[in-house]
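The lines below spell out each chain.
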Amino acid sequence: MLFEELRIRNVSIRPAQILAPMAGITDTVFRRFIKRLGGCGLIMTEFVSSEGMLRQNLKSQRFLYYKEEERPITAQIFGADPAHLAEAARIIEGLGFDIIDLNLGCPAKKVVRCGGSGLLRELPLLEEIFRKIRAAVSIPFTVKIRSGWSDEEIVAVPVARLAENCGVEAIAVHPRTRLQGYSGAARWDIIQEVKSSVRIPVIGNGDVMSPEAAAALFSRTGCDAVMIGRAAPTNPWIFRQMMEFFRSGSYIEPAETDRYELIHSYYAMLVEEDMPGAIGKMKQFASWFTHGVRNGAELRRSVQSAQTARDVLDRVDEFFSASLSK
Ligand SMILES: Cc1cc2nc3c(=O)[nH]c(=O)nc-3n(C[C@H](O)[C@H](O)[C@H](O)COP(=O)(O)O)c2cc1C
């Protein structure tokens, strides 16, 4: 089977199919929801500011909350100050995370000034950051990069080599530049170049929207694991479908009842756990998830005008009980 297992030192990622960190999406509830559906071997927190962590900012503490059933779990941090990042990494280790990951990809303006993809233009500083984090923790240390700042400054290979030399143990590559944002296509050839330049595992990421695309990513790059971002909230079954596809050459498309059960169970988790911002997350998820649902536009309208999280859940239940009985 493709992507059967990836080992990062003592951590077994099985299957080697990873949920990408996504700010505002991959909170503890979403991560557990994805894990329960099967086929996802590693989940990651959304990125957490090292500066926020050191100030013991509430948001950062909330982002770092996880449950045992989420293991193995990676915490992702960002920042630009080597000593502060090292201190944040120590805190992550103390919280019991299995892996620490450094974000070198975020294109948001606010983040670029203090880390994220901005560091791809400052390799001497980046080297210091790698070394300080490496010296600060004994858990596996990984990084996630974009390909560079712009088409003229593609640095994926030198950054991967630098990371390897500094003791980083795996690298995830999202082969778009900072300036590209999310436009255009991910350049998988850059993942292949990184793969042939380093010995540490390379995790391929970018534009994998189906099991077929994951197989193509593997054959084009030889990457050791696949990381899925935007496809997960529109098709949370994608991890399980990839496993089925790699084993048997086909996979099951969910029926309308599966869609209902899925949206209901995710929303019920958000309501029961009284997640901060639950209603906003529910509305956002509904707009992704209900494409392909019969009369999805009607459901989206109904959800958008709800006033409370419980109200959203009730409207979803009502919509599906009417539509499934037709
Ligand atoms: C809403 C959103 C939030 C994201 N937040 C993060 C983040 O916190 N850390 C990170 O490394 N990448 C983040 N990313 C990038 C994804 O992890 C991933 O690299 C990118 O979406 C490409 O993969 P995909 O084509 O499978 O979506 C985010 C992407 C999206 C769409």
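That block above? That's the structure.
Structure report, in brief. Each chain has its residues counted from 1, running along the sequence as written. In keeping with the model being predicted, local features are shown solely for residues with a pLDDT of at least 70 and side-chain atom pairs are shown and tallied solely at 80 or more, while totals for entire chains, interfaces and linings include all residues. Derived side-chain values reflect all non-hydrogen atoms in the structure, with water molecules and hydrogen atoms excluded from consideration.

### Side note on the overall build of the protein
Logical step 1: Strands are runs of DSSP state E lasting at least 2 residues, helices are runs of H or I lasting at least 4, and numbering of each runs from the N terminus. A count of helices and strands for the protein gives 15 helices and 11 strands.
Logical step 2: The size measure is the radius of gyration over C-alpha atoms, and the globule rule it meets is 2.2 Å times the number of residues to the 0.38 power. Its C-alpha atoms give the protein a radius of gyration of 20 Å, within 12% of the compact-globule value 20 Å for 326 residues.
Logical step 3: Its C-alpha atoms put the protein at 65 × 45 × 35 Å along the principal axes.
Logical step 4: Buried, partly exposed and exposed residues are distinguished by accessible area as a fraction of the type maximum, computed with a 1.4 Å probe on protein chains only: under 20%, between the cut-offs, and over 50%, respectively. The burial tally for the protein puts 58% of its 326 residues in the buried class.

### Notes on the layout of surface pockets
Logical step 1: A cavity, in this analysis, means grid points on a 1 Å lattice covering only the protein atoms where a 1.4 Å probe fits yet has no way out; a pocket is instead an open set bounded by protein on both sides within 12 Å along at least five of seven lines, and a residue lines either one if it has an atom within 4 Å of a point. Grid points are joined across faces, edges and corners, and a volume is the space filled by probe spheres set on the points. Roughly 610 Å³ of internal volume is contained in the largest pocket.
Logical step 2: What lines the largest pocket is a set of 31 residues, and nearest its centre among them are Pro-21, Met-22, Ala-23, Lys-144 and Tyr-182.
Logical step 3: Listed by contribution, the elements that provide at least two residues to the lining of the largest pocket are strand S8 (141-148), strand S11 (225-228) and helix H10 (231-234).
Logical step 4: Only Asp, Glu, Lys and Arg are considered charged in this grouping, and only Ala, Val, Leu, Ile, Met, Phe, Trp, Tyr, Cys and Pro are considered nonpolar; every other residue, Gly among them, is considered polar. Of the residues belonging to the lining of the largest pocket, the class tally is 18 nonpolar, 8 polar and 5 charged.
Logical step 5: There is about 440 Å³ of room inside the second largest pocket.
Logical step 6: For the second largest pocket, the lining is made up of 20 residues, of which Ser-49, Lys-59, Phe-63, Phe-78 and Lys-110 are closest to its centre.
Logical step 7: Counting residues per element, the ones that place at least two in the lining of the second largest pocket are strand S5 (48-49), helix H2 (50-54), helix H3 (58-63) and helix H5 (109-112).
Logical step 8: Sort the elements by how many residues they give to the lining of the second largest pocket and H3 lands first, with 4 residues.
Logical step 9: Residues that form the lining of the second largest pocket fall into these classes: 7 nonpolar, 7 polar and 6 charged.

### Regarding unusual backbone geometry
Logical step 1: With an omega of -5°, the peptide bond between Arg-14 and Pro-15 qualifies as cis.
Logical step 2: Secondary-structure assignment places Pro-15 in the loop between strand S2 (11-13) and strand S3 (17-19).
Logical step 3: Residues Arg-71 and Pro-72 are joined by a peptide bond in cis, for which omega reads -10°.
Logical step 4: Within the element layout of this structure, Pro-72 appears in the loop between H3 and strand S6 (73-78).
Logical step 5: The phi torsion at Gln-56 lies on the positive side, around 55°, for a residue other than glycine.
Logical step 6: Here the phi dihedral of Asn-295 falls at roughly 55°; this positive angle occurs in a residue that is not glycine.
Logical step 7: If you trace the backbone, Asn-295 turns up in the loop between helix H13 (278-289) and helix H14 (296-304).

### Some words on the site of the ligand
Logical step 1: Of all residues adjacent to the ligand, which total 17 residues, the nearest are Gln-76, Asn-205, Asp-207, Gly-229 and Arg-230.
Logical step 2: Pairs of N or O atoms are called polar contacts if they sit within 3.5 Å, as long as, within protein, a hydrogen donor faces a hydrogen acceptor (for residues adjacent in sequence, only side-chain-to-side-chain pairs). Within the contact set of the ligand, an oxygen atom lies 2.8 Å away from a backbone nitrogen or oxygen of Pro-21.
Logical step 3: The contact in question runs from an oxygen atom of the ligand to an N or O atom on the backbone of Phe-47, over 3.2 Å.
Logical step 4: Whether a molecule sits in a cavity or pocket is decided by its atoms, more than half of which must lie within 2 Å of the grid points. If you map the ligand onto the pockets, it falls in the largest pocket.
Logical step 5: Class assignment of the residues belonging to the shell around the ligand gives a composition of 8 nonpolar, 6 polar and 3 charged. Near, as used in this document, describes a residue that has one of its heavy atoms within 4 Å of the molecule or strand being considered.

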